[in-house]
Amino acid sequence: MRAIGISDYLPVTHPQCLLDVTLPDPTPRSQDLVIEVEAISVNPVDAKIRRSAPGKQEEPPRILGWDVCGIVRATGKEVSGFSPGQRVFYAGDITRPGGNSQLHLVDHRIAAIAPPGLTPAQAAALPLTMLTAWESLYERLRIDRAGADSGSSILIIGGAGGVGSAAIQLAKLAGLKVIATASRPESAAACIRFGADATIDHTSPLLPQLEATGHREIRFIANFASTSQYWDQMATIIAPLGRIVLAVEPERPLDFGGLLKEKSVTIGWEFMFTRARFGTEDIAHQGFILGEVSRLVASGRLQTTLNRTLSPICADTLIRAHQMIESGHTTGKIALSGW
Ligand SMILES: NC(=O)c1ccc[n+]([C@@H]2O[C@H](COP(=O)([O-])OP(=O)(O)OC[C@H]3O[C@@H](n4cnc5c(N)ncnc54)[C@H](OP(=O)(O)O)[C@@H]3O)[C@@H](O)[C@H]2O)c1
């Protein structure tokens, strides 16, 4: 099969940082689906891994990419609920090869039928970021999907990115008032398009801007950008008994005491790959979440966050997508479609 891989861990400016390669077809495990990949999307984790170990060599080349839409071609012996010919979408497992290949294997318990009516690229834009946003809001922050927290305020830091644009939509579904951060007119407009009630600029102090929008204290904060950069501001902004979810490894040790302790703030980590990586008992819950996302998209209550599609899927287009992601200022998602 054709694939795009890395042999070395190189900066995105290097012309061989991603390579077109040919590899043997993969052999499925008993719980696996064999997928013919139609579209993939790109996430910051791809770029972080691609440059993570300068000097280290990979032979055979390592395949990245954890957002896939494709067609089931075969199923392992213990698979139930899927059959050949179905179009599925999933993020997959960070401990296994990624989906930047014509054929890919995924444990069926973390996949779901793709939203009907979406193109493969529109569907591939969704899994990793929707799972992150869903687990962040409905599991870590324990926001009630049924509406018991309706009217409470949430601050979403990094509102226009892949995760933020999914989180804005999920917060609105639960009836929350959403303040999203964006530093540019284009990203602020994207936040409003996905349903945010207000935007503030993350390059200026947040509190005065929140006060200007009538929000002195915030019950929920979802930080989908630098943890260290916003640590002190989050402690000031969060309401007593409030909850904060974090998704980005901090660059420096953090002080968990002070105001955070005095306010009895609950702080939770989100790592989208936890269930797959540790094979948790509830691993199939990710398949359930994706099924719910598919249903909500089909009923028009969620929209794809796809912003841009590049074709075909090859090293050249993938390098372009990595360059855009590494700029840190894309809105929504970038997908690659067709071989
Ligand atoms: N733990 C997990 O499971 C998990 C899962 C997914 C993602 N992540 C991490 O979460 C982060 C966001 O992921 P993503 O997919 O949403 O990335 P993304 O799509 O690349 O995010 C781009 C957005 O980030 C905003 N941004 C850039 N710098 C910012 C800053 N200093 N403060 C606030 N916002 C900033 C930009 O807004 P402006 O252009 O308006 O500045 C841009 O719209 C990444 O670090 C990613 O690795 C973690």
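Rules behind the numbers
Residues numbered from 1 in each chain as written. Predicted model: local features only at pLDDT ≥ 70, side-chain atom pairs only at ≥ 80, totals over all residues. Near = placed C-beta within 6 Å. Helix = DSSP H or I, 4+ residues; strand = E, 2+ residues; numbered from the N terminus. Nonpolar A, V, L, I, M, F, W, Y, C, P; charged D, E, K, R; others polar. Domains from an automatic or database assignment. Pairing = 2+ DSSP bridges. Axes fitted to C-alpha atoms, helices over the stretch in contact; angles between N-to-C directions. Contact = placed C-beta atoms within 7 Å. Buried ≥ 20, exposed ≤ 12 C-beta atoms within 10 Å, placed from the backbone.

(A) Main features of the site of the ligand. Lining the immediate surroundings of the ligand are 32 residues, of which Gly161, Gly162, Ser187, Ala225 and Met272 lie closest. Among the secondary structure elements, those contributing two or more residues to the shell around the ligand are helix H1 (44–50), helix H3 (127–140) and helix H4 (162–173). Of the residues forming the shell around the ligand, the biggest block, three residues, is contributed by H4. Residues of the shell around the ligand, tallied by class, amount to 13 nonpolar, 17 polar and two charged. Both of domain 1 (2–126 + 281–337) and domain 2 (130–269) provide at least three residues apiece to the shell around the ligand.

(B) Highlighting the sheet that holds strand S9 (residues 153–157). Ordered in space as S11-S10-S9-S12-S13-S14, the six strands form an open sheet in which the pairing is parallel. Single-partner strands in this sheet number two, and they are strand S11 (198–200) and strand S14 (266–269). Between one strand and the next, the sheet's axes are offset by a mean angle of 20°, whatever the strand orientation. Two elements, S9 and strand S10 (residues 177–181), share four bridges in a ladder whose sense is parallel. Following the sheet pairing, Leu155 is matched in S10 by Ile179. Against the sheet, helix H7 (residues 227–237) makes contact with S9, strand S12 (218–223) and strand S13 (238–246), and its axis sits at roughly 175° relative to S12, the strand it touches most.

(C) Region of interest: the environment of Asp197. If you trace the backbone, Asp197 turns up in the loop between helix H5 (185–193) and S11. For the pair Asp197 and Ser327, spaced 130 residues apart in the sequence, the C-alpha separation amounts to 26 Å. Residues within four places of Asp197 in sequence aside, it is in contact with Lys177, Val178 and Ile179.

(D) Representation of the domain arrangement of the chain. Assigned domains of the chain: these are domain 1 (2–126 + 281–337) and domain 2 (130–269). Relative to domain 2, the C-alpha centre of domain 1 lies at a distance of 27 Å. Between domain 1 and domain 2, the contact holds 14 residues from the first and 13 residues from the second. For the side of domain 1 that touches domain 2, the element with the most residues is helix H10 (residues 285–298), which contributes three residues. Residue composition of the side of domain 1 that touches domain 2, by class: five nonpolar, seven polar and two charged.

(E) Region of interest: unusual backbone geometry. Between Glu59 and Pro60 the backbone carries a cis peptide bond, its omega angle lying at 5°. Note that Pro60 resides in strand S4 (residues 57–63). For Arg142, which is not a glycine, the phi torsion comes out positive at approximately 55°. Its place among the elements puts Arg142 in the loop between H3 and S9. When the 13 C-beta atoms within 10 Å are taken as the criterion, Arg142 is described as partly exposed. We note that Leu241 has phi near 70°; this positive angle belongs to a residue other than glycine. By secondary structure assignment, the location of Leu241 is in strand S13. Accessibility expressed as a C-beta count within 10 Å gives 10 for Leu241, which makes it exposed.

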